[in-house]
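Each chain, written out:
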Amino acid sequence: MAPTIPFSDSSDVSDFVINKGHGVKGLSEMGLKTLPKQYVQSSEETIDDSKILAHESIPVIDMSKWDDTEVAKSICDAAEKWGFFQVVNHCVPVQVLEGVKEATHRFFGLPAEEKKKYSKELSPSNSVRFGTSFSPQAEKALEWKDYLSLFYVSEDESSSLWPPACKDEVLEYMRKSEILIEQLLQVLMKGLNVNKIDETKRSLLWGSIRTNLNYYPICPNPELTIGVGRHSDVSTLTILLQDHIGGLYVRSADGENWIHVPPIEGSLVINVGDALQIQSNGRYKSVEHCVVANRSSNRISVPIFVNPRPIDIICPLPEVLANGEKALYKKVLYSDYVKHFFRKAHDGKKTVDFAKLSN
């Protein structure tokens, strides 16, 4: 049960949220009238309403004829220009999407002591992690989000070590998304003159998979903080299920403004990650995005991160460079790239500089 008295100092807040496992959900449920100072972001990290392009939107693509030439072209064009698009009439059943949303609420509805069993210190596996914010030890200000991160190792490990409150629904969501992932990668690779995805390529694109359950609780001063700070994903592709609340914003092509990604019932949001930007030699864009906090509603989202294996070396694909195009990125061990991402606070598109070749 969350305490109802104010905290005497900032270390009490950190202890309650991080060490005791209440997360920001516990803070939110105390009915705080003002945002604790640890969560107050600088103005450059929050979204100014004047920077939102209300009449712009990312493409929405009907996947029912995914291998049609025009549909394939629209997928590649969206990956090149926007880095983000929504898909409808995909093959993931609506009841599976609803099931994983319900399971997300069920997990975060557990008592703090139950969720804490999956914290970094207590989790039965490095592949299962309950946490808050992004990287608290590296951040000047914390983000208004709790999460459960599930790295898929095997069916046996998932069945025995993932939280019972959500494991079946998450596994089903991952299974049912495989066809969609396969379709998208086939189309995007053909756009790069890779006509067959052999085992080596498959590993480089889709050698590992991670699913996060994200919870963004009601916030007393959403204009002062952020749900997730500005960043691009380190994945090949991200398949995102969002609920009906909204709050995801994508950086516009001018690099100055933001575009809201409105929830569409039954849709999934797809975005290019840094690994695909690197392997496509910058053809496909991994775009900066963020999530705002909300004053009136709790929000959830469930991204599937489709990644290379940690042991894979990523660099521009030979097919992309076959016509003499100059490589923009060096060879990078994927696990090194991911460690670089997680050892710092969210900082827009700076992570990809780790892999850039100097001129």
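Details of the structure are given in the entry above.
Residues numbered from 1 in each chain as written. Predicted model: local features only at pLDDT ≥ 70, side-chain atom pairs only at ≥ 80, totals over all residues. Heavy atoms only, no water.

> Would you mind showing me how to read the overall build of the protein chain here?
Looking only at helices and strands, the protein chain has eleven helices and 14 strands in total. For a compact globule of 359 residues, the expected C-alpha radius of gyration is about 21 Å, and the protein chain comes in at 20 Å, within 12% of that figure. For the protein chain, the spread of C-alpha atoms along the principal axes amounts to about 65 × 45 × 35 Å. A separation of at least 24 residues holds for 77% of the contacts in the protein chain among residues at least 6 apart in sequence. Carbon and sulfur atoms form 51% of the exposed surface of the protein chain, whose accessible area is close to 16,200 Å². Here the protein chain contributes 41 positively and 47 negatively charged side chains, and the mean placements of these two sets differ by 4 Å. (Helix = DSSP H or I, 4+ residues; strand = E, 2+ residues; numbered from the N terminus. Rg over C-alpha atoms; globule rule 2.2 N^0.38 Å. Contact = heavy atoms within 4.5 Å. Areas by Shrake-Rupley, 256 points an atom, 1.4 Å probe, with all protein chains shown as cover. Lys, Arg positive; Asp, Glu negative; His and termini not counted. Charge placed at Lys NZ, Arg CZ, Asp CG, Glu CD.)

> Please explain unusual backbone geometry as it appears in this structure.
Peptide bonds are, in most cases, trans, and in most cases residues other than glycine have a negative phi. Phi is positive for Asn193, close to 65°, though the residue is something other than glycine. Looking at the element boundaries, Asn193 is found in the loop between helix H7 (167-190) and helix H8 (199-206). Judged by relative accessible area, Asn193 falls into the exposed class, the value being 55%. The phi torsion at Asn281 lies on the positive side, around 60°, for a residue other than glycine. Following the sequence through the fold, Asn281 ends up in the loop between helix H9 (274-279) and strand S11 (289-291). (Buried < 20%, exposed > 50% of the residue type's maximum accessible area, 1.4 Å probe, protein only.)

> Which parts of the structure should I look at to understand the sheet that holds strand S2 (residues 84-88)?
Sheet strands associate in pairs through backbone hydrogen bonding, adopting either a parallel or an antiparallel arrangement. Spatial strand order, S1-S2-S10-S7-S12-S5-S4-S3: eight strands in an open sheet with mixed pairing. Strands at the two margins of the open sheet, each flanked by one partner only, are strand S1 (60-62) and strand S3 (128-132). Mean inter-strand twist for the sheet, computed between neighbouring axes without regard to direction, equals 25°. Pairing between strand S4 (residues 146-151) and strand S5 (residues 208-216): six bridges, direction antiparallel. If you follow Asp146 over to S5, its bridge partner there is Tyr215. In the packing of H8 onto the sheet, contacts are made with S5 and strand S12 (299-307), and the angle to S12 comes to roughly 150°. (Pairing = 2+ DSSP bridges. Axes fitted to C-alpha atoms, helices over the stretch in contact; angles between N-to-C directions.)

> Would you take a moment to explain the sheet that holds strand S6 (residues 228-231) for this structure?
Strand order in the open sheet formed by four strands is S6-S11-S8-S9, with antiparallel pairing between adjacent strands. Since the sheet does not close on itself, it has two edges, and those belong to S6 and strand S9 (258-260), each with one partner. Mean inter-strand twist for the sheet, computed between neighbouring axes without regard to direction, equals 20°. Bridge count between S6 and S11: two bridges; the pairing is antiparallel. By the bridge assignment, Val228 is partnered in S11 with Val291.

> Would you mind going over the pairing of S2 with me for this structure?
Along any regular strand, the residues point their side chains to alternate faces of the sheet. Counting buried positions along S2 yields four of five residues, so the element is predominantly enclosed. Here four bridges tie S2 to strand S10 (residues 268-272), and the two strands are oriented antiparallel to one another. Following the sheet pairing, Phe84 is matched in S10 by Asn271.

> Explain the side chain of Gln41 to me, please; I cannot follow it from the model alone.
Mapped onto the secondary structure, Gln41 falls in the loop between helix H2 (23-28) and S1. Classification of Gln41 by relative accessible area gives buried; the value is 15%.

> Where do I start with the packing of aromatic side chains in this structure?
Pairs of aromatic rings are described using the distance from one ring centre to the other and the angle between the two planes. In this structure the tally under the stated criterion is seven aromatic pairs. With a centroid separation of 5.1 Å and 85° between ring planes, the pair formed by Phe107 and Phe108 is classed as edge-to-face. Accessibility expressed as a relative area gives 0% for Phe107, which makes it buried. With a relative accessible area of 0%, Phe108 lands in the buried category. Measuring from ring centre to ring centre gives 6.4 Å for Tyr152 and Trp162, while their planes differ by 80°; the resulting arrangement is edge-to-face. (Phe/Tyr/Trp six-rings, centres within 6.5 Å; stacked < 30°, edge-to-face > 60°.)

Shape descriptors only; they carry no functional weight alone.
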